[in-house]
Amino acid sequence: MAYKGIPNERRSRSSMPIFVIVALCCAFYILGAWQRSGFGKGDSIALEVTKQADCSVLSNLQYETQEIRDARVTDDSDTDIKEFKPCDDQYIDYTPCQDQMRAMMFPRENMNYRERHCPTEEGKLRCLVPAPKGYVTPFPWPKSRDYVPFANAPYKSLTVEKAVQNWIQYEGNVFRFPGGGTQFPNGADAYIEDLASIIPLDNGLVRTALDTGCGVASWGAYLFKKNVIAMSFAPRDSHEAQVQFALERGVPAVIGVLGTIKLPYPSRAFDMAHCSRCLIPWASNNGMYMMEVDRVLRPGGYWVLSGPPINWINNYQAWQRPKEELEEEQRKIEETAERLCWEKKHERGEIAIWQKRTNCHGKDLEPAMCKSTNPDDVWYKKMEACITPYPETTHLEEVVGAWKPFPERLNAIPYRVSSGSIPGVSADSFQEDNKTWRKHVNFYKTENKIMSSGRYRNIMDMNAGLGSFAAALESPKLWVMNVMPTIAKRDTLGVIYERGLIGIYHDWCEAFSTYPRTYDLIHAHGVFSLYKDKCNMEDILLEMDRILRPEGAVIFRDEVDVLLKVKRIVGGMRWNTKMVDHEDGPLITEKVLFAVKQYWVAGESSSTSAPQMG
């Protein structure tokens, strides 16, 4: 009897651990549900454990073309992925909203035909824009300032048209940029030093600059030596690839023109504006273009006009223009500058420099002040011949006083924040945003080991917020185009400029004003949640593919359900992806999706490794 009872006892004992395990599982399930509900002390404990634990089964993402698998989050619908085909080779340099054929359908008056004219939904190309055959990874900065691979922008017209002006030279398999320009035959360095004798370019007070009609942007390229960052623009015109060359060199630039629409920048954005024989008719339209420059120029900022009509009396024959015409043009410019409260500081040779006064009270201004109550409301808004009023403050010195030298201004509280003009943004929330994005960027660098190596020069933040992503990345090796979506809840682009960064307004339902393959790294935080139900997700991703270099990287940060949709679409776009948890752990619904665009060129059906330039 005793012997027969032993097996029963063993069965009873062996079942005890099972009961204990089941009970513990139930308890932990209840505890987990309670913790996820956001109540109790378990939140902080679980978060601390998550931070200390390495829950990823993947090694760090190496940003070369390779097979990349997902961690934690999977999408079972990968078996039915739509494949996007390459566009025809004729679209290698396609710029949707500045298409040459479509442009000719619009009036030539006031350069309207050179402005943005985007295709209809039916007219959009829904294919992958190929790179030209022989495309190579660009030279790293600063070598890229002076050399661009011929294969990346194979257009020689500027080497002929601008041969005597030393813009660009063709040498073997590269273009060389000697730093010359129409108005600086001795080189951009010498020209900039001339400006620096009048304008404080060496103490950080002048940080942001606007170059109108920039050519190949040598002025902006050489200003980096002074720690000045220039937003350069030029139209897509008969001079092939001006803006494309600028971006290949690693210099900020967009396709743009002073025409009938306001510039896509906020008021009081730039410390300096510049025109070096930019062919803009400053004296026409009652001085409207000078008034638009005045809108985007800070109180105390500088305007440089180099070339006609300055010093017309000695140059009218060389310029092959009647001296009476040039004299009248300069007279109108001088009169407009006076009405705008610009003080002439210098004129020598063909260079004239004005400074916008910090106080314009009491002047009898003609024409009248602009009626718009928001000088930053500019997207597709008609330009007007009116004067933008100075900010409404008790003491204008408050605005000027906020003009701190760079890099101090990068993390100082911007005037637009301290004055309370940005709803929902305080000094405390600004500093917290800075802290948050420093943490995010540090996390990105653990996943992408080459973010700080200099491989990525041209970076875009598609939804820039307060510019804290760019501030956390700040380095002479790179620059960031901070994009302010026109549908964003808060317009903070003015804050970004006050920090000494650059950016632009844009609606991501349309194509960006740039050539294909002009950005090395794109950051998309909350972009697809923002544009949900606004426009087609595929169209935004195809535009990202167009402007991203082969083997360029994208960082998506968004809700997990949104990123799963993104991942599925880019699976048909020759991108490799890897999804990871939020840096604070898997319980956070926001995730991060890293992506790399494969290398492929026109005429190829499969990806290969990108050739490198020495």
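Note that this is a predicted model, so its numbers are computed, not measured. (Residues numbered from 1 in each chain as written. Predicted model: local features only at pLDDT ≥ 70, side-chain atom pairs only at ≥ 80, totals over all residues. Heavy atoms only, no water.)

Engineer: I'm lost on the pattern of salt bridges in this one. Help?
Structural biologist: Here the idea is simple: oppositely charged side chains can pair when their charged atoms come close. For the coordinates displayed, the defined rule picks out 36 salt bridges. Across the pair K82 and E538 runs a salt bridge whose closest N-O atoms are separated by 3.2 Å. You can see K82 sitting in the loop between α2 (42-52) and α3 (100-103) and its partner E538 sitting in helix α19 (residues 537-547), a full 456 residues away along the chain. Relative accessible area serves as the criterion here: at 18%, E538 is assigned to the buried category. For E447, the salt bridge is made with K578, and the minimal N-O distance between the two is 2.6 Å. Note that E447 is positioned in helix α15 (residues 427-447) and K578 in strand β16 (residues 575-581), a separation of 131 residues in sequence. K578 carries the same exposure label as E447, and that label is buried. (Salt bridge = Lys/Arg side-chain N within 4 Å of Asp/Glu carboxyl O. Helix = DSSP H or I, 4+ residues; strand = E, 2+ residues; numbered from the N terminus. Buried < 20%, exposed > 50% of the residue type's maximum accessible area, 1.4 Å probe, protein only.)

Engineer: Even after reading the chapter, I still don't get the state of the cysteines, so can you show me in this structure?
Structural biologist: Each disulfide consists of one covalent bond between the sulfur atoms belonging to two cysteines. Going through the model one piece at a time under the given rule, you end up with 5 disulfides. Disulfide pairing places C370 opposite C386 at an S-S distance of 2.0 Å. Its S-S torsion of approximately 95 degrees makes the covalent link between C370 and C386 right-handed. Linking C370 in the loop between β10 (351-356) and α12 (397-401) with C386 in the loop between β10 and α12, this pair joins segments that are 16 residues apart in sequence. Accessibility classification places C370 together with C386 in one group, the buried group. Bridging C509 to C535, the disulfide has an S-S length of 2.3 Å. Note on the C509 and C535 pair: the S-S dihedral is about -85 degrees, so by sign convention the disulfide is left-handed. Here C509 is found in the loop between β13 (502-506) and β14 (519-525), whereas its partner C535 is found in the loop between α18 (527-530) and α19, with 26 residues between them in sequence. (Disulfide = S-S within 2.5 Å.)

Engineer: Mind showing me how you'd approach the pairing of β13 here?
Structural biologist: Burial analysis of β13 places 5 of its 5 residues in the buried class, which makes it a mostly covered element. Alternating positions in β13 separate into two faces, I502, I504 and H506 on one and G503 and Y505 on the other, with burial throughout. After leaving strand β12 (residues 479-485), the chain enters helix α17 (residues 493-498) and then returns to the sheet as β13, a path that is right-handed. (Right-handed = clockwise from strand over helix to strand, strands pointing away.)

Engineer: Explain the nonpolar core to me, please; I cannot follow it from the model alone.
Structural biologist: Across soluble globular proteins, nonpolar side chains have a tendency to be buried as a group. Y265, W282, M544 and F556 are the most contacted members of the largest nonpolar core, which has 133 residues in total. Counting residues in each nonpolar core, the second largest holds 9 residues, with V148, A153, I168 and F175 among its members. (Core = buried A, V, L, I, M, F, W, Y, C linked by side-chain atoms within 4.5 Å.)

Engineer: Sorry, what's going on with the packing of α19 against helix α20 (residues 560-570) here?
Structural biologist: Helix packing for two helices is described by the angle between their axes and how far apart those axes are. α20 packs onto α19 with a crossing angle of 60 degrees between their chain directions and a minimal axis gap of 11 Å. Looking at the two axes, α19 sits oblique to α20. Crossing of α19 over α20 shows right-handed handedness. On α20, the residues that touch M537, E538 and L541 of α19 are V562, K565, V566, I569 and V570. (Axes fitted to C-alpha atoms, helices over the stretch in contact; angles between N-to-C directions. Parallel < 35°, antiparallel > 145°, perpendicular 65-115°, else oblique. Left-handed = near helix turned anticlockwise from the far one by under 90°. Contact = heavy atoms within 4.5 Å.)

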